[in-house]
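This is what each chain is made of:
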Amino acid sequence: MTDSIDVARVVSASREVAANAERIFDLIADPAQQPRWDGNENLDRAPDGQRVRAAGAVFTMTLTNGHVRENHIVEFEEGRRIAWLPSEPGKDSPGHLWRWELDPLGDNRTRVTHTYDWSNLTDEKRLPRARATTPDKLLASIDRLAALAESE
């Protein structure tokens, strides 16, 4: 697959958040919380009780368009890093990855980095949306996440 538009296929955003890494990670690793801070405004709801605890786990999410996605955890370090590959239920992932990395900086300070990697995306129907996922949208998720973590 050739991308005719010169677009970075790995985008990320990062900022410091005034909350501890454990609190922030709990908001990320609990899929039921994700629609509260989604800066892409793409996530509708996820069943309770899916808190991720290890690589190899799978959680489901219903998108705002009504489609359900299975999210396969491919990286996991409690309180530090989590990444998943979304797919349609029962199908292989089309190859795009969402990653969160947390770097504790001291008492109630954490550097949060959010990355969207679509360098292995094989589904051409998803390319326009992938291209539209900019660092600004990733930062919007971090900003919303920060607002929740800093207030609770």
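Rules used throughout
Residues numbered from 1 in each chain as written. Predicted model: local features only at pLDDT ≥ 70, side-chain atom pairs only at ≥ 80, totals over all residues. Heavy atoms only, no water. 1 Å grid on protein atoms, 1.4 Å probe; cavity = no way out; pocket = protein on both sides within 12 Å on 5 of 7 lines; lining within 4 Å. Points joined across faces, edges and corners; volume = space filled by probe spheres on them. Helix = DSSP H or I, 4+ residues; strand = E, 2+ residues; numbered from the N terminus. Nonpolar A, V, L, I, M, F, W, Y, C, P; charged D, E, K, R; others polar. Pairing = 2+ DSSP bridges. Axes fitted to C-alpha atoms, helices over the stretch in contact; angles between N-to-C directions. Contact = heavy atoms within 4.5 Å.

> So what about the layout of surface pockets? Which residues, and what values?
One simple way to see leftover space: roll a probe sized like a water molecule over the atoms. In this structure, the largest pocket occupies an estimated 540 Å³ of space. Around the largest pocket, the lining comprises 26 residues; the ones closest to its centre are N42, L63, H96, W98 and R129. Of all the secondary structure elements, the ones that give two or more residues to the lining of the largest pocket are α2 (34-37), β3 (58-63), β4 (68-77), β5 (81-87), β6 (97-106), β7 (109-117), α3 (127-132) and α4 (135-151). At 3 residues, β3 tops the list of elements feeding residues into the lining of the largest pocket. Here the residues of the lining of the largest pocket sort into 12 nonpolar, 9 polar and 5 charged.

> So what about the pairing of β4? Which residues, and what values?
In the sheet, β3 pairs with β4 via 5 bridges, with the strands oriented antiparallel. Looking across to β4, one finds that F59 is bridged to N71. Here β3 folds back onto β4 in antiparallel fashion, the turn holding 4 residues, of which G66 has a positive phi close to 90 degrees. Judged from the 7 bridges that link them, β4 and β5 form a sheet pairing that is antiparallel. From the neighbouring strand, E77 faces β5, where its bridge partner is R81. Counting the residues that bridge the hairpin from β4 to β5 gives 3 residues, and of these G79 lies at a positive phi of roughly 75 degrees.

> Would you mind going over the sheet that holds β3 in detail, with residue names and values included?
With antiparallel pairing, 7 strands are arranged side by side in an open sheet as β1-β7-β6-β5-β4-β3-β2. One side of each edge strand has no neighbouring strand; the edge strands of this open sheet are β1 (10-17) and β2 (43-45). Across the sheet, the mean angle from the axis of one strand to that of its neighbour is 30 degrees, orientation sign disregarded. Across 8 bridges, the pairing between β1 and β7 is antiparallel. Bridging from a neighbouring strand, A13 pairs with H114 of β7. Where α4 meets the sheet, its contacts fall on β1, β6 and β7, and the angle it forms with β1 comes to roughly 25 degrees.

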